[in-house]
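# Survey of secondary and tertiary structure
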Amino acid sequence: SGEIERLMQITRESLFRALEKMIPGNRLYDVSYAVQEFVEENGFSIVREFCGHGIGQKMHEDPQVPNYGRAGTGPMLKPGWVLAIEPMVNLGTHEVRMEPDGWTVKTQDGLPSSHFEHTIAVTEEGPVVLTALDDGTVVL
C-alpha cells in the first residue's frame, strides 16, 4: 500500500541522513538523532529495543548505535570506526515484543515495521559505505 511504501521510503532516507553525520569530529548521537528527527517528523516511531553497533573482530561490538538520542552527545567519531547503522521504524507504536522462538520480533500493535542497514566506515574523507556493490553503487 502507499502507507507501507512511505514507511519504507522514510526508513531508507533516515539511513542516508545518519550516514551524512558520520564524519570525524561529530558525536555518535548526532548519527542517532538524524534518524530520530527525520522519522518522527514524518509521523513514524523508532524501535528502541534494538540498534546498530560497532563492527570489528566480532559482528556486534561497542559502541551501540541507537536510532534515537540527543545531538551533540556520545563519543566523538574517529577515522577507522566501522559501524552498522540500522534504522528500524514502525508505522504505529515503537513498542515491540519477542516471539517465543527467540528470533521473531513483532510490533505490539501488529502494524508494519521497516528496517534498512548499511555498514559504514568513518574516514577523513567522509563516510564510506562498505556494503556497496563492487562498482561503489549503494543499493537500498
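For the structure, see preceding data.
Residues numbered from 1 in each chain as written. Predicted model: local features only at pLDDT ≥ 70, side-chain atom pairs only at ≥ 80, totals over all residues. Heavy atoms only, no water.

This brings us to the layout of surface pockets. Estimated volume of the largest pocket: approximately 370 Å³. Phe50, Met88, Trp103, Thr104 and Val105 are the residues nearest the centre of the largest pocket, which is lined by 14 residues in total. When residues of the lining of the largest pocket are traced back to their parent elements, those giving at least two are strand 5 (88–90), strand 6 (96–98), strand 7 (105–107) and strand 8 (113–115). Broken down by element, the lining of the largest pocket gets its largest block of residues, three residues, from strand 7. Of the residues assigned to the lining of the largest pocket, the class counts are seven nonpolar, six polar and one charged. (1 Å grid on protein atoms, 1.4 Å probe; cavity = no way out; pocket = protein on both sides within 12 Å on 5 of 7 lines; lining within 4 Å. Points joined across faces, edges and corners; volume = space filled by probe spheres on them. Helix = DSSP H or I, 4+ residues; strand = E, 2+ residues; numbered from the N terminus. Nonpolar A, V, L, I, M, F, W, Y, C, P; charged D, E, K, R; others polar.)

On to the sheet that holds strand 4 (residues 82–85). As a general point, the strands of a sheet are linked pairwise by backbone hydrogen bonds and lie either parallel or antiparallel. With antiparallel pairing, the five strands of this open sheet are ordered in space as 3-2-4-9-10. Taken across any chain shown, the strands that pair with only one partner, and hence form the sheet edges, are strand 3 (61–65) and strand 10 (126–129). The mean angle between the axes of side-by-side strands here comes to 30°, regardless of whether they run parallel or antiparallel. The pairing of strand 2 (residues 52–54) with strand 4 spans two bridges and is antiparallel. The residue of strand 4 that forms the bridge with glycine 54 is leucine 83. Strands strand 3 and strand 4 of the sheet are contacted by helix 2 (residues 28–41), whose axis makes an angle of about 40° with strand 3. (Pairing = 2+ DSSP bridges. Axes fitted to C-alpha atoms, helices over the stretch in contact; angles between N-to-C directions. Contact = heavy atoms within 4.5 Å.)

That is the geometry; function is a separate question.
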